[in-house]
Amino acid sequence: MSGHDSEQTVGALPDTTADPPLVPAVSTWLVWSLFALSVAALAAHVRSGAVWELPGVIAVDGLTVLMWVVVTFFSGVVHSYSRRYMAGDAHETGFFAAVFGFTAVVMALVAADHVALFGVLWLSMGLLMASLIGTVRGWKQARAAARVARRYFLASSALLGVALTALWWATGATTISGIGAAAGALGGAPWLIAAAALVLAAMIQSALLPFHGWLLSSMTAPTPASALMHAGFVNAGGILLTRFAPVITVDASFMLAVVAVGGASAVGGKLLKSVQTDVKTELGCSTIGQMGFMIMQAGLGFFAAAVAHLILHGFYKAYQFLSSGARLERLGPDHEPARVGARPTGVVGVAVTLLTGLGGGVVFAVLTDKGLRIDSGLLLTFFVVLTTLHAARNAVRRVSLPAAIRYWAVPLVFFPAITVYAAVYTAVVSLLPVGSAPTELTLLHGVIAAAFVGIYVGIETGVHEGSKRLYAALLNASRPSSETLLTATEEYNEY
């Protein structure tokens, strides 16, 4: 506080004696009830293996019930968190109604079998998320962010409409299951148009490069809405490609193109993250990279790996957003923030990092049977090794523990973590209605792997930090829409 009276800009404090709004309490109770029912549905499906359907309209299979559990859990956490976060806010009732509506639409989407119903729900999901981004109606930057997101989501829905129309034209089927059954006969221009439109729609929804602008412009959204967006909404691209896996896997060359666009975003997101200075934008760039990995796994033919990735990323990113305030320190002007520097690695640290990365790849390959043959599964295991190397090196350098304990702790933590990932992957495999579709390794697969290694080494050694031109390019590429920028301190506190 400055010590003198200032003009009040946030409105009167809420009346604590008044009854709280009914919608937040009811919607929170409902969403946790839906979570319990979803768990029961998952258990019933695992036990019976049956697909419950209303022929031609909906089909509840393993992917449906799994996504019901995941979506209702994340939504329940967001609802519960928001009871305090949004308390007294003028937009509280509308916010909870939109979050619950979004949850219901996503639950219906993953059960939809008729292509028209699927398309309408896809559009509704995007419009509801745009509404959540612009929750604060009196904030011009929030309204602008909602408009930006809405344009992207309408484009994604239009592309999906093109894809569904082309598939109906080519197969005569009006259901997703019917299209999948007829996918073996697809080919030519109708298939190419449909497949390309599906991938573009998934890229927009999952904020892959170069369609990441809406995500980085959405930082005016309330933090719980951001958590729901990054833990759930962006995963829709992976669900879309999994649902239409029989269409995507028709041609191996097309699958390779999907790997390339996913890989570009995975690398680009990592580079964009390296130049960010605020917590939410840094997390947003991380999401861009992680969604690239998800799409790349689908391109490799391992749709179960993509679904396992989106689930685990959802847990991680929901926690990161909801706890983002804890990363900020309030210091006086005469205090310098504590800087946590990286510890020197040393020969032992390098050895521990390499052995942990390679050992992690072996554990994953043995538990999942991926990487034991010369096909795209080898590349999937390679990325597990690379990811483990990166995480292990960060732990070796930055964890505040004595060196001896740190070196022993890294493998003891990472090997069980990879075992859990492999277990989740195996469980997802048993639930998905589509199997893996590994492809033969090609020269381009090798180029992608080499590019990842080169960029990984460059980032780890800090080579990219020496280029002012690269820094400026990354900073410009990660700038949100100018309409959504906050240019004065007062704009942060007005509403």
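Thresholds, definitions, all that
Each chain has its residues counted from 1, running along the sequence as written. Since the coordinates come from a predicted model, pLDDT governs what is reported: local features require at least 70, and pairs of side-chain atoms require 80 or more to be given and counted, while whole-chain, interface and lining totals use all residues. With hydrogens and water excluded, all non-hydrogen atoms of the structure serve as input to the side-chain values. Helix and strand assignments come from DSSP, with helices taken as H or I runs of at least 4 residues and strands as E runs of at least 2, each series counted from the N terminus. Working definition: with a 1.4 Å probe on protein chains only, accessible area under 20% of the residue-type maximum means buried, over 50% means exposed, and in between means partly exposed. Contact criterion: two residues are considered in contact whenever any of their non-hydrogen atoms come within 4.5 Å of each other. Surface accessibility in these figures is a Shrake-Rupley result with a 1.4 Å probe; residues are shielded only by whichever protein chains are displayed. Whenever a helix is involved, its axis is fitted only over the stretch in contact; in every case the axis is a line through C-alpha atoms, and angles between N-to-C directions fall within 0 to 180 degrees. Roughly parallel means an angle under 35 degrees; roughly antiparallel, over 145; roughly perpendicular, 65 to 115; everything else is oblique. For any helix crossing, the convention is left-handed if the near helix is rotated counterclockwise from the far helix by under a right angle, and right-handed if that rotation is clockwise. Side-chain classes follow a simple rule in which Ala, Val, Leu, Ile, Met, Phe, Trp, Tyr, Cys and Pro form the nonpolar group, Asp, Glu, Lys and Arg form the charged group, and the remainder, Gly included, forms the polar group. Each Phe, Tyr or Trp ring, with Trp reduced to its six-membered ring, pairs with another whose centre is within 6.5 Å; inter-plane angles below 30 degrees give stacked pairs, above 60 give edge-to-face pairs, and intermediate values give tilted ones. Patch criteria: residues need more than 30% relative accessible area and no salt bridge. Like-charged residues are merged within 9 Å; nonpolar side chains of Val, Leu, Ile, Met, Phe, Trp and Tyr are merged within 5 Å. We count a salt bridge whenever a side-chain nitrogen from Lys or Arg sits within 4 Å of a carboxyl oxygen from Asp or Glu. Residue types Ala, Val, Leu, Ile, Met, Phe, Trp, Tyr and Cys, when buried and joined through side-chain atoms within 4.5 Å, form a set referred to as a nonpolar core. The convention is simple: Lys and Arg are positive, Asp and Glu are negative, and His and the chain ends are not counted. Each polar contact in these results corresponds to two N or O atoms within 3.5 Å; when the atoms are within protein, one needs to be able to donate a hydrogen and the other to accept it, and residues that are neighboring in sequence are counted only if both atoms are side-chain atoms. The quantity known as pLDDT measures the predictor's confidence residue by residue, on a range of 0 to 100. To estimate the expected span of a helix, count its residues, drop one, and scale the result by 1.5 Å.

A. Quick look at the overall build of the protein. Across its full length, the protein holds 20 helices and two strands. Classification of the 495 residues of the protein by burial places 49% in the buried group. Taking the intrachain contacts of the protein between residues at least 6 apart in sequence as the baseline, contacts between residues at least 24 apart amount to 79%. Here the protein has roughly 22900 Å² of accessible surface; of this, 66% comes from carbon and sulfur atoms.

B. Looking closely at the packing of helix 7 (residues 188-205) against helix 12 (residues 252-273). The interhelical angle for the contact between helix 7 and helix 12, taken along N-to-C directions, is 20°, at an axis separation of 12 Å. As judged from the angle between their axes, helix 7 and helix 12 are roughly parallel. Here helix 7 and helix 12 pass one another in a crossing that is right-handed. Side by side, helix 7 and helix 12 meet where Trp191, Leu192, Ala195, Ala196, Val199 and Met203 of the first sit next to Phe254, Val258 and Val261 of the second. Per-class residue counts for the contact of helix 7 with helix 12 are nine nonpolar, no polar and no charged.

C. Representation of the side chain of Gln205 in the model. Positionally, Gln205 belongs in helix 7. Look past the residues within four positions of Gln205 in its chain and what remains in contact with it is Trp122, Met125, Gly126, Phe153, Ser156, Trp214, Phe233, Val234 and Ala236.

D. Representation of the packing of aromatic side chains within the structure. Applying the stated criterion across every chain, the model contains 21 aromatic pairs. On the basis of an interplanar angle of 50° and a centroid distance of 5.7 Å, the ring pair of Phe35 and Phe73 is categorised as tilted. Taken as a pair, Phe35 in helix 1 (residues 22-48) and Phe73 in helix 2 (residues 62-85) lie far apart in primary sequence, 38 residues in all. Residue Phe35 is classed as partly exposed on the basis of its relative accessible area, which comes to 21%. Phe73 sits in the partly exposed class, given a relative accessible area of 27%. Each ring, one from Phe364 and one from Tyr425, has its centre 6.2 Å from the other, and the planes form 50°; the classification is tilted. With Phe364 in helix 15 (residues 346-368) and Tyr425 in helix 17 (residues 403-431), this pair connects stretches of sequence that are 61 residues apart. According to the relative accessible area criterion, Tyr425 is buried, its value standing at 2%.

E. A look at a nonpolar patch on the surface. A surface patch of nonpolar side chains, amounting to about 430 Å² of accessible area, comprises Leu22, Val26, Trp29 and Leu30. Checked against the element boundaries, Leu30 lands in helix 1.

F. Structural context of the environment of Leu132. When you line up the elements, Leu132 lands in helix 4 (residues 115-133). For the pair Leu132 and Pro222, spaced 90 residues apart in sequence, the C-alpha separation works out to 7.9 Å.

G. View of the pattern of salt bridges. By the definition in use, this model includes two salt bridges. For Asp61, the salt bridge identified is with Arg243, shortest N-O distance 2.8 Å. Linking Asp61 in the loop between strand 2 (58-60) and helix 2 with Arg243 in helix 10 (residues 236-243), this pair joins segments that are 182 residues apart in sequence. Note on Asp61: relative accessible area 9%, which makes it buried.

H. Up close: the nonpolar core. Within the largest apolar cluster, 134 residues are counted, with the highest numbers of intra-cluster contacts made by Met67, Trp214 and Phe244. Apart from residues no more than four positions distant in its own chain, Phe244 is found in contact with Phe118, Leu164, Leu167, Ile176, Ile179 and Leu198. Within the second largest apolar cluster, seven residues are counted, among which are Ala392, Ala395, Val396 and Phe414.

I. Representation of the side chain of Lys317. Examined against the element boundaries, Lys317 turns out to sit in helix 14 (residues 303-322). There is no salt bridge for the buried Lys317, and the closest opposite charge comes from Glu282, which lies 9.8 Å off by N-O distance. Here Ser286 takes part through its side chain, which lies 3.3 Å from a polar atom of the side chain of Lys317.

J. How the structure looks around the confidence of the model for the protein. In the predicted model, the protein carries a mean pLDDT of 84, and 89% of its residues have values of at least 70. Mean pLDDT values for the elements of the protein range from 56 in helix 20 (residues 489-493) up to 95 in helix 4. Note that pLDDT drops below 50 for residues 1-13; the model gives that stretch four contacts with residues more than four away or on any other chain. Contacts for the low-pLDDT stretch residues 337-342, under 50 throughout, to residues beyond four places or in other chains number seven contacts.

K. Main features of helix 9 (residues 223-231). Of all the nine residues making up helix 9, nine are buried; the element is thus mostly covered by neighbouring parts of the structure. Within the sequence span of helix 9, burial applies to Thr223, Pro224, Ala225, Ser226, Ala227, Leu228, Met229, His230 and Ala231. Contact partners of the buried residues in helix 9: helix 2, helix 3 (92-109), helix 4, helix 8 (213-216), helix 13 (279-299) and helix 14.

L. Looking closely at the environment of Val363. With respect to the helices, strands and loops of the structure, Val363 is situated in helix 15. Under the relative-accessibility criterion, Val363 is labelled partly exposed at 23%. Sequence-distant contacts of Val363, that is, excluding residues within four places in its chain, are made with Ile418 and Thr419.

M. Quick peek at helix 13. Between its first and last C-alpha, helix 13 extends 31 Å over 21 residues, near the 30 Å set by a 1.5 Å rise per residue. Of all 21 residues in helix 13, 19 are buried; the element is thus mostly enclosed.

N. Quick peek at unusual backbone geometry. Look at the link from Leu209 to Pro210: it is a cis peptide, with omega at 5°. You can see Pro210 is positioned in the loop between helix 7 and helix 8. Positioned with a positive phi, Ala207 is a non-glycine residue whose angle comes to about 60°. Counting through the fold element by element, Ala207 comes out in the loop between helix 7 and helix 8. By relative accessible area, which is 0% here, Ala207 ends up buried. A positive phi angle, near 65°, is found at Asp369, a position not held by glycine.

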